[in-house]
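Structural overview for review
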Number of protein chains: 2
Amino acid sequence: MTPVLPSPQPPSLGFRRVVIADIRPAVDGGRYPTKRVAGDRLAVSVDLVADGHDHLCGDLLVRASADADWVRYPLEPQGNDLWQAACELSAIGRWSYTVEAWVDAFATWRWGIERKAGAGVDVSVEMLDGARLVREAAARAAGDDRAWLEERSRRLAEPSPLAERVAAALDAQLSLLMRRYPDRSQATRHEPPLDVVVDPVWARFSAWYELFPRSWGEAGRHGTFDDVAARLDYVASLGFDVLYLPPVHPIGHTHRKGRNNVVSCEPNDPGSPWAIGAAAGGHEAVHPELGTVEGFRRLVDKAQGLGIKVAIDIALQASPDHPYVKSHPEWFVHRADGSIQYAENPPKKYQDVYPFDFAGPAWRELWTEMRGVFVTWIERGVRIFRVDNPHTKPIAFWQWCIESLKADYPDLVFLAEAFTRPKMMYALAKVGFSQSYTYFTWRTTKAEIEAYLRELTSGEIAEFFRPNFWPNTPDILPEHLQFGGRPAHLTRAVLASTLSSNWGIYGPVFELLVHQARPGSEEYLDNEKYELRTWNLQDPQSLAPVLRRLNRIRRESPALQSMAGLAFHPTDNEYILCYSKRSPDDSDVILVVVNLDPGHRHTAWITLDHAALGADPHAPLQTHDLIGDGRYLWQGPRAFVDLDPGVMPAHVLRVYRKLRRENAFEYFL
Amino acid sequence: MTPVLPSPQPPSLGFRRVVIADIRPAVDGGRYPTKRVAGDRLAVSVDLVADGHDHLCGDLLVRASADADWVRYPLEPQGNDLWQAACELSAIGRWSYTVEAWVDAFATWRWGIERKAGAGVDVSVEMLDGARLVREAAARAAGDDRAWLEERSRRLAEPSPLAERVAAALDAQLSLLMRRYPDRSQATRHEPPLDVVVDPVWARFSAWYELFPRSWGEAGRHGTFDDVAARLDYVASLGFDVLYLPPVHPIGHTHRKGRNNVVSCEPNDPGSPWAIGAAAGGHEAVHPELGTVEGFRRLVDKAQGLGIKVAIDIALQASPDHPYVKSHPEWFVHRADGSIQYAENPPKKYQDVYPFDFAGPAWRELWTEMRGVFVTWIERGVRIFRVDNPHTKPIAFWQWCIESLKADYPDLVFLAEAFTRPKMMYALAKVGFSQSYTYFTWRTTKAEIEAYLRELTSGEIAEFFRPNFWPNTPDILPEHLQFGGRPAHLTRAVLASTLSSNWGIYGPVFELLVHQARPGSEEYLDNEKYELRTWNLQDPQSLAPVLRRLNRIRRESPALQSMAGLAFHPTDNEYILCYSKRSPDDSDVILVVVNLDPGHRHTAWITLDHAALGADPHAPLQTHDLIGDGRYLWQGPRAFVDLDPGVMPAHVLRVYRKLRRENAFEYFL
């Protein structure tokens, strides 16, 4: 017979009866923070399970920083062991939240008294049990509350008629005070707390305009920061609020690329701004032809006056002429022949770019230096960074860099330019990027757009990944813009600006309908990346008036200022896409209908989802097209649309709903 | 101007480039163990993401216990950053697994050589880089491998014709050896490891028979363990392999319940076995009328000889006569008048039952004592416990109790009798219960059965929750058995035994079609819980032959021995349910068709899901009814069935499929 083994010790906190599970929101079970912006509501739900039939009680605990005190919000039961509470995130920073829950002896007791007294059971012994609970709560209270509870405890225990004592037990004021002084000695708290990064509002709602300052000089002269400042009212007039500049650092000469990315350049070719570093300096210096650090500061100031934030591009790589190559050769990979390893995508070589060795022997010093680059520009007034190819630098670097920078400067915003596989894009967003480029640029059919937006706006992804939709970039002139003309440009602008609360264009090529590509590629012909261009901003064909209108609609429509509240409405034409956005406070609904076919007029019947619109399905909907100014009155589930892309391929409709049936004419803006 | 803040230190392990995410299986992100049985395959998938375009490499690490060495299984890429590996769990116990992954410099280099050499690029410098990688691997190797790698390193570096060196670089043997001696100095390992509890096979596949020994005596005499042993061949002949006995401990006298659960009993009433404890002892003693501990051991031995395991019921509560009441009053809740708190569901009182105070001041000693009860019965040969109302004891108690018991006795199986809310049922399974009672007992319509089985067999729930389906229990005579007669009993037996790999009945009332309930309740009339009954096991109406057939089909059909491989097939009649089960090794497919209406014959067209059957949709299916012995040849997606509940309300069909189209007559058992 097996000898009986010694019994192990019970766990030290075994008296905690409540099990806390499935706190939401949570990213990877709390491993990464959720994202919100200042002023947002954080609604937390959680499963609370405990043995037996006792009543539970719990709080959501929230604090604005690691050294702040926890603020408690009572959890409310939703049925089936689900509980919820919400709080407002009033300020930017890294907040934390967790849940604490315990068995509520008083509520359990009170419920028993209610049932027993109702059934005529003698509860005189129970009254003494209750008196003890109230006396214990009195000991946790102070002042008037304490005195009140002590008196009530005596009343429950005294030999007065039972009916009076039952009434005193069930009294609402007693419940209120008992909830105020709970016995949490056996409470379970979820550890560790979860984090939520609270960003400035423009992390969630922004309109970006990217331009190459080199082309904004007068009469073909190399443009400067001051030239951009002088014409910034144009960008402001279009309603964009982020001015995004490609790298502003000195451009290398060794292996400089010529026009249209040819391998050898002509003497006057300006080179690619992404070949960073020359005799004039590296990532902390300014390209001399753009001006000076003071010129940059003047541009930032001018922009600020126009309500525009300046974002710069940080590309953590070096040209062969970068000062680091001589001062810090240990930050690069060396080949067996002693040369520095250039970038490559075998068999292609990019000899004008040296990648840094982020996991090499000197990684600590390199990381510190790279972080310092951001600090330098932050100190020059930059709060938004577009990061070039973050997926070619270690994820752990970004986590450390962004987290530690935001600890010092919590209002920073980082946009990840990672056009790569989805899991890497999500990984970068999880570790700290505030916004991300997306596959929107290539999603053109109704099925593709619906599926992609469902992915981005539902479940855990919506908690950490903020899309920024771009119809074009200096690297991408997608096929539909090459061949779809003005209708395609209009369609893509409407989709980007209304599907995503963050959007941007690379201008002025976008509004000027520039669409010539290098043959067989998605690359703009005569790309500003490699040469100076001049643009006629006054071109009568320019889409500037439409962009201005779209950005105004966005500013006036809370429904378009977050990724929440999106719903697709079925249509019977696969070229006609229909979706609505409803603001979280239900004050605003926008319905968008787009003809995705740039070549043909299409009509369609839409099957309206009144529940998604928050509208009474039996009342008519009034809609007002904020672009074309048409007004439509729709009755019932089906609505007819007719969109001619030669005129305008989209309706952006404000929806006026009847919210309640009682008042037949009560519409709601 | 804000002063620049000091730069923080980079994280200590920043050089680890691979991020490991979403390891599956995982229960609550690894907080609770996954469940398997001995001999199972554990297939693990994981997302591996790293910066840049380097090739990755990784292993699944598995160990059979905390002090065993990790065994490595190479992860294979599945595309889109998903990787997989599998291993066999050869023995019972608590295994662990995790994932380690790293950037594979050699594979990256080899891929570059392949692309560059193919494009005619000079790779002589690259050859020197490769020679270094191979030399470093040689230093990690020993013996012949080391010598071979050293030689190969020299060959890559020597001034022989480049083509020869490229061939030497791309050679498969080199890749094999380089994989054998990888550089894992920058590897990321997922911490902490995840656990998988590997149970004996009968945790996954079992057929339970519950009986009250009190009724198995001769001629109305109180039955004993020896009486049960004497008639155990009956249970064995029906094919059941777990004999489950209600509590076998002395039964209390104070407030003993009479027949049909009346509050006061007659002098000869035997009382409820769940009122545990009397002068003769408590949870470690045996009810004198059942015999002795030796008699119990004889029953266990007899059962073992018949291939049956004896399970006993552990109900952690006391009658007022339990020895603990005097020896350990501190293990009970005391009311204000000094009396011990009885169980209640206000306003109902259960004065014959005292609950233990699992979170009270003496909880540590109580927990240790309760664990000791299990140890006592384990030492008497019990390996399976049915636990009564586990949801009224703290979840943390079960976690500690089951985990620590299984550390000493890894072959234990615990069945949770928690008929309560779903989250509690799942919580108990997560913390250690091997099997669980379910809502099956009340799921009767096609929609209910399909929805419930989908919940139980998909996603995370299937990783930790093992259902045990019971058509009836001593506490539950569901309405459909009260009024559905023999057809309903047949239907429920077929459903329970083929939908779930663990099933059980409370007999012999089930096979004898006992169906009288106390009016307006789900309680058997004249329940054995409160009195002795006598049963005629030879009743010609008995369902024994069908139960024998069902259990034989289960033993002969791997498809029915796990919860995997279930699919529902649509039918055009809402009373006709159709589903198939396919064994994980694809060797066996069973298709079940059930008429859920006990009152009427029904016909239906089934739309067969050939993919779920693993069958060629263009070839016929041969099916053989293992109950009725009919044979049907079905061609195409639709099959006709006709089920008369008066004859037999179900087909349980073995499916013979054509697996490949080439051999028109190749069927597969």
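Residues numbered from 1 in each chain as written. Chains lettered and ligands numbered in written order. Predicted model: local features only at pLDDT ≥ 70, side-chain atom pairs only at ≥ 80, totals over all residues. Heavy atoms only, no water.

**Regarding unusual backbone geometry**
Cis geometry is found at the peptide bond from A:Pro346 to A:Pro347, where omega equals 5 degrees. Tracing the backbone through its elements, the reader meets A:Pro347 in the loop between strand S15 (343-345) and strand S16 (348-350). Cis geometry is adopted by the peptide bond preceding A:Pro508, which originates at A:Gly507 and carries an omega value of -5 degrees. Following the sequence through the fold, A:Pro508 ends up in the loop between strand S21 (502-506) and helix H17 (544-556). The backbone of B:Asp22 shows a phi angle near 55 degrees, a positive value even though the residue is not glycine. Turning to its location among the elements, B:Asp22 is positioned in strand S1 (residues 19-24). Residue B:Leu513 is not a glycine yet carries a positive backbone phi of 60 degrees. We classify B:Leu513 as buried; its relative accessible area is 15%. (Helix = DSSP H or I, 4+ residues; strand = E, 2+ residues; numbered from the N terminus. Buried < 20%, exposed > 50% of the residue type's maximum accessible area, 1.4 Å probe, protein only.)

**Examining the interface of chain B and chain A**
Each partner contributes residues to the interface: chain B has 73 residues there, and chain A has 73 residues. Buried area between chain B and chain A, summed over both chains or domains, comes out near 6,200 Å², and the portion from carbon and sulfur atoms is 59%. In this structure, the connection of chain B to chain A is made through eight salt bridges. Note that B:Asp47 is salt-bridged to A:Lys423, the shortest N-O span being 2.8 Å. The tally of links between chain B and chain A comes to 24 residue pairs in polar contact (both at pLDDT 80 or more). Listed by contribution, the elements that provide at least two residues to the side of chain B that touches chain A are S1, strand S3 (41-49), helix H1 (105-118), helix H2 (124-140), strand S15 (343-345), helix H10 (363-379), helix H11 (395-408) and helix H12 (422-431) of chain B. Top element by residues in the side of chain B that touches chain A is H10(B). It accounts for seven residues. Of the residues belonging to the side of chain B that touches chain A, the class tally is 36 nonpolar, 15 polar and 22 charged. (Contact = heavy atoms within 4.5 Å. Buried area = accessible area lost by both parts, 1.4 Å probe. Salt bridge = Lys/Arg side-chain N within 4 Å of Asp/Glu carboxyl O. Polar contact = N/O pair within 3.5 Å; in protein donor to acceptor, adjacent residues only side chain to side chain. Nonpolar A, V, L, I, M, F, W, Y, C, P; charged D, E, K, R; others polar.)

**Describing the packing of helix H3 (residues 143-157) of chain A against helix H5 (residues 172-180) of chain A**
All names here are of chain A. In the contact formed by H3 and H5, the axes pass within 11 Å of each other and the chain directions differ by 125 degrees. Accordingly, the angle class assigned to the pair H3 and H5 is oblique. Here the hand of the crossing between H3 and H5 comes out left-handed. Across the interface between the two elements, Asp 145, Trp 148, Leu 149 and Arg 152 from H3 touch Gln 173, Leu 174, Leu 177, Met 178 and Arg 180 from H5. Here the contact of H3 with H5 is built from residues that sort into five nonpolar, one polar and three charged. (Axes fitted to C-alpha atoms, helices over the stretch in contact; angles between N-to-C directions. Parallel < 35°, antiparallel > 145°, perpendicular 65-115°, else oblique. Left-handed = near helix turned anticlockwise from the far one by under 90°.)

**Re the domain arrangement of chain A**
Structurally, chain A comprises domain 1 (19-103), domain 2 (106-180), domain 3 (201-557) and domain 4 (566-668). Here the C-alpha centre of domain 3 of chain A lies 66 Å away from the C-alpha centre of domain 2 of chain A. (Domains from an automatic or database assignment.)

**Focus: the environment of B:Pro213**
Residue and element names in this part refer to chain B. Position of Pro 213 among the secondary structure elements: in the loop between strand S11 (206-210) and helix H6 (225-230). Sequence spacing of Pro 213 and Asp 226 is 13 residues, and the spatial spacing of their C-alpha atoms is 9.2 Å. Setting aside its immediate chain neighbours within four residues, Pro 213 contacts Gly 223, Thr 224, Val 228, Leu 245, Pro 246 and Leu 290.

**A short note on the sheet that holds strand S11 (residues 206-210) of chain A**
Residues and elements named next belong to chain A. If you walk across this open sheet you meet the seven strands as S20-S19-S18-S13-S12-S11-S21, and the pairing is parallel. Two strands bound the open sheet, and with one partner strand each, they are strand S20 (435-436) and S21. Those strands touched by H17 are S11 and S21, and its axis lies near 165 degrees from that of S21. (Pairing = 2+ DSSP bridges.)

**Here we look at H11(B)**
Helix length check: H11(B) (14 residues) gives 20 Å between terminal C-alpha atoms against 20 Å at 1.5 Å per residue, within 8%. Taken as a whole, H11(B) has its buried residues at B:Ile395, B:Phe397, B:Trp398, B:Trp400, B:Cys401, B:Ile402, B:Ser404, B:Leu405 and B:Lys406. (Expected span 1.5 Å × (residues − 1).)

**A closer look at the state of the cysteines**
All names here are of chain A. Scanning the model with the defined rule gives zero disulfides over all chains in all. Cys 87 provides the cysteine sulfur closest to Cys 57, a residue in no disulfide bond, and the two sulfurs are 18 Å apart. Judged by its relative accessible area of 6%, Cys 57 is buried. (Disulfide = S-S within 2.5 Å.)

**Digging into the relation of the copies chain B and chain A**
Each copy superposes on the other: chain B lies on chain A with an RMSD of 0.1 Å after a rotation of 180 degrees and an axial shift of 0.0 Å. Such a combination of rotation and displacement between the chain copies is what one expects of a two-fold axis. By C-alpha distance to the rotation axis, the residue of chain B lying nearest is B:Gly29, at 3.2 Å. (Least-squares fit on C-alpha atoms with pLDDT ≥ 70 in both.)

**Overview of the packing of aromatic side chains**
Under the criterion given, the structure shown has 82 aromatic pairs over all chains. Here B:Tyr324 and B:Phe356 contribute two aromatic rings whose centre-to-centre distance is 5.8 Å and whose plane-to-plane angle is 65 degrees, an arrangement assigned as edge-to-face. One end of the pair, B:Tyr324, is in helix H9 (residues 323-327); the other, B:Phe356, is in the loop between strand S17 (354-355) and H10, with 32 residues separating them in the sequence. A relative accessible area of 8% places B:Phe356 in the buried class. Sitting over the ring of A:Phe440, A:Arg492 keeps its end group 4.1 Å from the ring centre. Above the face of the B:Trp377 ring, B:Arg380 is positioned so that its terminal group lies 4.5 Å from the ring centre. (Phe/Tyr/Trp six-rings, centres within 6.5 Å; stacked < 30°, edge-to-face > 60°. Lys NZ or Arg CZ within 6 Å of the ring centre and 35° of its normal.)

**Here's the deal with helix H2 (residues 124-140) of chain A**
Residue and element names in this part refer to chain A. For H2, built from 17 residues, the straight-helix expectation of 24 Å at 1.5 Å per residue is met to within 8% by its first-to-last C-alpha distance of 25 Å. For H2, the full list of buried residues reads Val 125, Glu 126, Met 127, Asp 129, Gly 130, Ala 131, Leu 133, Val 134, Ala 137 and Ala 138. On its buried face, H2 sits against helix H1 (105-118), H3, helix H4 (162-170) and H5.

**Topic: the pairing of strand S23 (residues 576-582) of chain A**
Residues and elements named next belong to chain A. Counted residue by residue, S23 has six buried out of seven residues, so it is predominantly covered. In terms of strand pairing, strand S22 (residues 566-568) meets S23 through three bridges, oriented antiparallel. Bridging from a neighbouring strand, Phe 568 pairs with Tyr 579 of S23. Sheet topology note: the S23/strand S24 (residues 589-595) ladder contains seven bridges and is antiparallel. Looking at S24, one finds that Leu 577 is bridged to Val 594. In this structure, the hairpin formed by S23 and S24 is closed by a connection of six residues, where Asp 586 is found at a positive phi of approximately 65 degrees.

**Focus: the sheet that holds S3(B)**
Residues and elements named next belong to chain B. With antiparallel pairing, four strands are arranged side by side in an open sheet as S1-S3-S7-S6. Two strands close off the open sheet at either side, each with one partner strand: S1 and strand S6 (76-79). For this sheet the average axis-to-axis angle between neighbouring strands, irrespective of direction, equals 35 degrees. Note: S1 against S3, four bridges, orientation antiparallel. Bridging across to S3, Val 19 finds its partner in Val 49.

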